[in-house]
Amino acid sequence: MTRSSKPSVFQVGKVRDDGRTVVISGWGLGLCAAACACHRHPSAGHLAIAEDQAGGKLGLATFDADCTCCEPWTADELAAILRDLETVASLQAQEPLAG
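Residues numbered from 1 in each chain as written. Predicted model: local features only at pLDDT ≥ 70, side-chain atom pairs only at ≥ 80, totals over all residues. Heavy atoms only, no water.

### Some remarks on unusual backbone geometry
Thought 1: Backbone geometry places Ala 35, a non-glycine residue, at a positive phi of 50°.
Thought 2: For Ala 35, the position within the fold is in the loop between β4 (28-30) and β5 (49-52). (Helix = DSSP H or I, 4+ residues; strand = E, 2+ residues; numbered from the N terminus.)

This is the structure:
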């Protein structure tokens, strides 16, 4: 297993897969751990989302073709985040109240 850097996630969204089309929506992405300038627009300085609908990927736009600081999230990885959050929520709900 190889580990790669991904953009940070500050807002959890949805992943819908009907077998033909994957729709990724509502996710908020921030800088990756490297926080390099390649993701910032050269004049405006803002970040931009790069969505590959055909490939089912969501990442940050890069303004430096040579930069390889991080790779986009895949729909499967984002769906795994949602499953993990659901599992954690169910564990917390099962915990009896202290009293």
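The discussion continues.
### Some remarks on the side chain of Lys 6
Thought 1: Structurally, Lys 6 can be placed in the segment before β1 (8-11).
Thought 2: Looking at Lys 6, the relative accessible area reads 14%, which means it is buried.
Thought 3: Among the polar contacts listed, one links the side chain of Lys 6 to the backbone oxygen of Pro 72, at a separation of 3.0 Å.
Thought 4: Engagement of the side chain of Lys 6 in a polar contact is seen with the side chain of Glu 77, the distance being 3.0 Å.
Thought 5: Setting aside residues no more than four positions away along its own chain, Lys 6 makes contact with Cys 32, Ala 33, Cys 70, Glu 71, Pro 72, Trp 73 and Glu 77. (Buried < 20%, exposed > 50% of the residue type's maximum accessible area, 1.4 Å probe, protein only. Polar contact = N/O pair within 3.5 Å; in protein donor to acceptor, adjacent residues only side chain to side chain. Contact = heavy atoms within 4.5 Å.)

### Notes on the pattern of salt bridges
Thought 1: Throughout the structure, instances matching the rule amount to 3 salt bridges.
Thought 2: The partner of Lys 6 in a salt bridge is Glu 71, and the shortest N-O contact between them spans 3.3 Å. On the criterion of sequence distance, the pair formed by Lys 6 in the segment before β1 and Glu 71 in the loop between β6 (57-60) and β7 (73-74) is long-range, its members being 65 residues apart.
Thought 3: Look at Glu 71 and you get partly exposed, because its relative accessible area is 39%.
Thought 4: In this structure, the salt-bridge partner of Arg 20 is Asp 18, at a minimum N-O distance of 3.7 Å.
Thought 5: Take Arg 20: its relative accessible area is 75%, and that puts it in the exposed class.
Thought 6: Each of Lys 6, Glu 71 and Glu 77 takes part in a single network of salt bridges with overlapping partners. (Salt bridge = Lys/Arg side-chain N within 4 Å of Asp/Glu carboxyl O.)

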